[in-house]
Amino acid sequence: MSTVLRESMRRFGTSIFSTITDLAVQRQAINLAQGFPDFDPPQRLLDAAATAVRGGFSQYAPSVGYPDLRRAVAGHQAARYGQRWNPDTEVTVTVGATEAIWSAVHALIEPGDEVLLFEPFYDMYPPCVVAAGGVPRVLPTSGFPDFRLDLDELAAAFGPRTRMVIVNTPWNPVGRQFTADELRTLGELCQRHGTYLISDETYEHVLFDGRTHLPAVSEPLLADRTITVSSVSKTFSATGWRIGWAIAPAGLTDALRRVHQFVTFTASSPLQRAVATMLDDSGPEFYAQLTAEYTERRDTLLGYLAKRGDLELTRPEGAYFVMTRCAGDELEFCRELIDRAGVAAIPASAFFAEPATGRGLVRFAFCKRLETLRQAGERLAAR
């Protein structure tokens, strides 16, 4: 029955996340593969959700999102980054960041249009582009450990069919932030070629060593052609809530909303109300504590991984993953890690168009309780 699937989508098999998670469950391994926390969201967010569930918010919200949440998102952008967005015409609530990206891609590209992706990429980007009839154009980076863009190669990658670029900053899976120079070059190229940018900024508050988030729209050349995407998932440790948002100039927002209304219509009503409350209540001290907690988690995992001696490590600038390199086959390494150490990681070759390009790369997630990381670390060190 697999031939029922349309031909353009047949190249995308079962996600490696599902495969590794199934193995981890079978072997009762500690899951450092998938990027979901094993701890609850903040109590004030949970309390706000309970209040909303009991408070009459059980029916459809407006398709574009509750006004309170759109105002809270706009307020967050103003307070954190000095941006001014109209919550009525430039902010849309979606079912997670994934749906925002899906709707944006389907709203803006025509069949045959090229969408530029930077490798390694989050694994939902290529199927999203192909499902919309687009053509993923993959631009390699310098590779492990720096994953830097060659700006001359970037310029050469743009052509008459380059309709869109998708970036993730901070960047899953490599853990680095796009620089001002890279954003400036992207702005110049996008303006020259009439290209749109989707900036996936879901890890905007998970940055380390004194870094602050640099939104793509901070580059003036990108301000009128960018859809910025974020969500509750990483900032508030609520990956299962599926509340996200897209921020863009009114014309781009109108295009996205026309697709969004037919994809999911609207996100969960009570959870939207809860997120609005949490965003309004979260000041600088919340984000500072988030940074401190994730810094401790990062350093804890790095310390244990360094003890193994068989992995080359990177020190992530942002997001909550450590990219490493093993000496042999990454899939076999991950299988053996589950069998012998009882710890699951992701073969990072899944984030490359040609898996051979990502040979030997393995990604570990540290969005876990310190107790979990220490238990996993002891297993990793003992092998």
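Scroll up to find the structure this text is about.
What this report covers is the structure whose coordinates are included nearby.

Definitions and limits used
Residues numbered from 1 in each chain as written. Predicted model: local features only at pLDDT ≥ 70, side-chain atom pairs only at ≥ 80, totals over all residues. Heavy atoms only, no water. Phe/Tyr/Trp six-rings, centres within 6.5 Å; stacked < 30°, edge-to-face > 60°. Helix = DSSP H or I, 4+ residues; strand = E, 2+ residues; numbered from the N terminus. Buried < 20%, exposed > 50% of the residue type's maximum accessible area, 1.4 Å probe, protein only. Lys NZ or Arg CZ within 6 Å of the ring centre and 35° of its normal. Right-handed = clockwise from strand over helix to strand, strands pointing away. Pairing = 2+ DSSP bridges.

**Thoughts on the packing of aromatic side chains**
Part 1: In the structure shown here, the tally under the stated rule is 15 aromatic pairs.
Part 2: For the pair Phe208 and Phe366, a centre-to-centre distance of 6.0 Å together with 50° between the ring planes defines the contact as tilted. Taken together, the residues Phe208 in the loop between β6 (196–200) and β7 (226–231) and Phe366 in the loop between β13 (361–365) and α12 (370–382) connect sequence positions 158 residues apart.
Part 3: A residue is classified by how much of its surface remains accessible, and Phe208, at 0% relative accessible area, is buried.
Part 4: Taking 6.4 Å as the distance between ring centres and 65° as the angle between the ring planes, the aromatic pair formed by Tyr294 and Phe366 counts as edge-to-face. Of this pair, Tyr294 sits in helix α10 (residues 284–308) while Phe366 sits in the loop between β13 and α12, and the two are 72 residues apart along the sequence. For the pair Tyr294 and Phe366, a shared accessibility class is recorded, and that class is buried.
Part 5: Three or more aromatic residues joined by ring pairs form one cluster here, namely Tyr203, Phe208, Tyr294, Tyr320, Phe321 and Phe366.
Part 6: The ring centre of Phe208 lies 4.7 Å from the NZ or CZ of Arg298, which sits over that ring.
Part 7: The lysine or arginine in question, Arg363, covers the ring of Phe321, its NZ or CZ lying 3.7 Å from the ring centre.

**Notes on the pairing of strand β3 (residues 114–118)**
Part 1: Across the 5 residues of β3, 4 count as buried, placing the element largely inside the fold.
Part 2: For the crossover from β3 across helix α5 (residues 125–131) to strand β4 (residues 135–139), the handedness is right-handed.
Part 3: In this structure, β3 lies alongside strand β5 (residues 162–168), joined through 4 bridges in parallel fashion. Across the sheet, the residue bridging to Val115 is Met164, located in β5.

Structural measurements only, silent on function.
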